[in-house]
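The lines below spell out each chain.
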Amino acid sequence: MLAQRTLKSMTRAVGVGIHSGRKVELVLRPAPVNTGIVFRRTDLAQPVDIPVNPQAVCDTRMATTISPGGDPGAPKVQTIEHLLSACAGLGLDNLRIDISADEVPILDGSAASFVFLLQSAGIELQDAPKRFLRVKKPVEVRRGEGKRLMWARLEPLHGYTLSFEIEFDNPAVAATGSRYTFDMGSHAYKREIARARTFGMTSDIELMRSRGLTLGGNMDNAIVVDDDKVLNAEGLRYDDEFVKHKILDAIGDMQVAGHPLLAAYTSFKGGHALNNELLRALLADPTAYDYVEFQDPAQAPTGFAELAPAW
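Please read all numbers here as calculations on a predicted model, not as lab measurements.

## Focus on the overall build of the protein chain
Right, on to step 1. The number of helices and strands found in the protein chain is seven helices and 19 strands.
Right, on to step 2. A compact globule built from 311 residues should have a C-alpha radius of gyration of about 19 Å, and the protein chain, at 18 Å, falls within 12% of that.
Right, on to step 3. Along the three orthogonal principal directions, the C-alpha set of the protein chain runs to about 55 × 45 × 35 Å.
Right, on to step 4. For the protein chain, the proportion of its 311 residues judged to be buried stands at 56%.
Right, on to step 5. Long-range contacts, defined here as pairs at least 24 residues apart, represent 73% of the contacts in the protein chain between residues at least 6 apart.

Given below as structure tokens:
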């Protein structure tokens, strides 16, 4: 069968939250079959478990934030998308994550450090079939109109691809690739997607910091762009790093579904809010999806059966 996966051993990381600026420690632990991915706030007098699922998302401003049942007044964990993207890239199904504050550390601003940590701990096959969320008919969500239009869509596919198009009114961003499509069965996640960093415009930084955001951001963990150029001395890691980071985020946001997708995801100018809205719209229509397992791995989409170092 095509089996579920967890870690072989425990691993840990220490860093700062890009929005909170606070120091935080993660401890990533193996978990039994059918656990899913569960965060535990260990800094609280009474530790709180927060399972990852679409209904747990309570905030999507600048990052994806979860709380028990999506309660905005409950303990939270924010900026989960890069870590979840790495989990998806490695095909991890079950993981327990102890966290000592309310935000996942940003590390280098991409998913590459999380991929390294998870690979160092080792990936283990488990004695239960992996369950996929299969999209059976198109589902789309749209916001705005004219220049403010943005949309995201899921369509049936025996596989999992993500296509993204960005449009920023900034010469430095516009000079790079604005469209990209990635196949999750290509075994190229680590090489093509994982190293793409989050980014921000200098014109937005003062406003965001006045709202308590990006307090831990700097050029070691983000691409910083002014009116016409990238300010980071080393430049970009990919010629199309901006749109690749949006795909990295989308992979993490879609992983909130709790199961890997069988679908074609497409988005124009979308983000965390639209991604969660898309998942909720899909799950609100029982005729739009089902769950499948592959007792014969040969029946799985190409590239999904191998225990690859990173998809």
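## So, unusual backbone geometry
Right, on to step 1. Within the chain, Thr 79 stands out as a residue other than glycine whose phi angle is a positive 60°.
Right, on to step 2. Unlike most non-glycine residues, His 187 shows phi in positive territory, near 65°.
Right, on to step 3. By secondary structure assignment, the location of His 187 is in the loop between β15 (179–183) and α4 (189–192).

## Considering helix α7 (residues 272–283)
Right, on to step 1. Here α7 contains twelve residues, and its C-alpha end-to-end distance of 17 Å stays within 8% of the 16 Å for a straight helix at 1.5 Å per residue.
Right, on to step 2. Those residues of α7 lying buried are His 272, Leu 274, Asn 275, Asn 276, Leu 278, Leu 279 and Leu 282.

## Quick look at the packing of aromatic side chains
Right, on to step 1. In total, this model carries six aromatic pairs according to the counting rule given.
Right, on to step 2. With a centroid separation of 5.9 Å and 35° between ring planes, the pair formed by Phe 132 and Phe 304 is classed as tilted. Placement of the pair is Phe 132 in strand β11 (residues 132–135) and Phe 304 in the segment after β19 (289–292), with a sequence separation of 172 residues.
Right, on to step 3. A relative accessible area of 0% places Phe 132 in the buried class.
Right, on to step 4. Across the ring face of Trp 151, the terminal group of Arg 153 is positioned such that the distance to the ring centre comes to 4.3 Å.

## Thoughts on the layout of surface pockets
Right, on to step 1. As a volume, the largest pocket reaches approximately 1500 Å³.
Right, on to step 2. Residue lining of the largest pocket: 47 residues in total, with Met 62, Phe 168, Phe 199, Asp 204 and Lys 246 positioned closest to the centre.
Right, on to step 3. The dominant element in the lining of the largest pocket, judged by the number of residues it contributes, is helix α5 (residues 202–210), at five residues.
Right, on to step 4. In the lining of the largest pocket, the residues fall into 20 nonpolar, 14 polar and 13 charged.

## Focus: the packing of helix α1 (residues 81–89) against helix α2 (residues 112–121)
Right, on to step 1. It is at 8 Å that the axes of α1 and α2 come closest, and there the two elements cross at 50°. One element, α1, and the other, α2, form an angle in the oblique class. Judged by the twist between their axes, the crossing of α1 over α2 is right-handed. For the pair α1 and α2, the contacting residues are His 82, Leu 83, Ala 86 and Cys 87 in the first and Phe 114, Val 115 and Leu 118 in the second.

## Regarding the pattern of salt bridges
Any two side chains of opposite charge can pair if their charged atoms end up close together.
Right, on to step 1. Scanning all chains against the criterion turns up 23 salt bridges.
Right, on to step 2. Note that Glu 165 is salt-bridged to Arg 179, the shortest N-O span being 3.3 Å. Of the two residues, Glu 165 is situated in strand β14 (residues 160–165) and Arg 179 in strand β15; the sequence distance between them amounts to 14 residues.
Right, on to step 3. A relative accessible area of 21% means that Glu 165 is categorised as partly exposed.
Right, on to step 4. Each of Arg 191, Glu 192, Asp 240 and Lys 244 takes part in a single network of salt bridges with overlapping partners.

## Concerning the environment of Ile 106
Right, on to step 1. Within the fold, Ile 106 resides in the loop between β9 (95–99) and α2.
Right, on to step 2. According to the relative accessible area criterion, Ile 106 is buried, its value standing at 3%.
Right, on to step 3. A sequence separation of 62 residues divides Ile 106 from Leu 44, and the C-alpha atoms of the two residues are 21 Å apart.
Right, on to step 4. Beyond its immediate stretch of four places on either side in the chain, Ile 106 contacts Val 16, Ile 18, His 82 and Asn 221.

## Section: the sheet that holds strand β7 (residues 65–66)
Right, on to step 1. Spatially, three strands are ordered β6-β7-β8 in an open sheet, and the strand pairing comes out antiparallel. A strand with exactly one partner marks an edge of an open sheet, and here the two such strands are β6 (57–59) and β8 (77–78).
Right, on to step 2. With two bridges connecting them, β6 and β7 associate as antiparallel partners. What sits directly across from Asp 59, in β7, is Thr 65.

## Overview of the pairing of strand β1 (residues 3–7)
Right, on to step 1. With five of its five residues buried, β1 lies for the most part within the structure.
Right, on to step 2. Of the pairings in the sheet, the one linking β1 to strand β10 (residues 123–129) comprises four bridges and is antiparallel in character. Bridge pairing in β10 places Arg 5 opposite Leu 125.

Parameters at a glance
Residues numbered from 1 in each chain as written. Predicted model: local features only at pLDDT ≥ 70, side-chain atom pairs only at ≥ 80, totals over all residues. Heavy atoms only, no water. Helix = DSSP H or I, 4+ residues; strand = E, 2+ residues; numbered from the N terminus. Rg over C-alpha atoms; globule rule 2.2 N^0.38 Å. Buried < 20%, exposed > 50% of the residue type's maximum accessible area, 1.4 Å probe, protein only. Contact = heavy atoms within 4.5 Å. Expected span 1.5 Å × (residues − 1). Phe/Tyr/Trp six-rings, centres within 6.5 Å; stacked < 30°, edge-to-face > 60°. Lys NZ or Arg CZ within 6 Å of the ring centre and 35° of its normal. 1 Å grid on protein atoms, 1.4 Å probe; cavity = no way out; pocket = protein on both sides within 12 Å on 5 of 7 lines; lining within 4 Å. Points joined across faces, edges and corners; volume = space filled by probe spheres on them. Nonpolar A, V, L, I, M, F, W, Y, C, P; charged D, E, K, R; others polar. Axes fitted to C-alpha atoms, helices over the stretch in contact; angles between N-to-C directions. Parallel < 35°, antiparallel > 145°, perpendicular 65-115°, else oblique. Left-handed = near helix turned anticlockwise from the far one by under 90°. Salt bridge = Lys/Arg side-chain N within 4 Å of Asp/Glu carboxyl O. Pairing = 2+ DSSP bridges.

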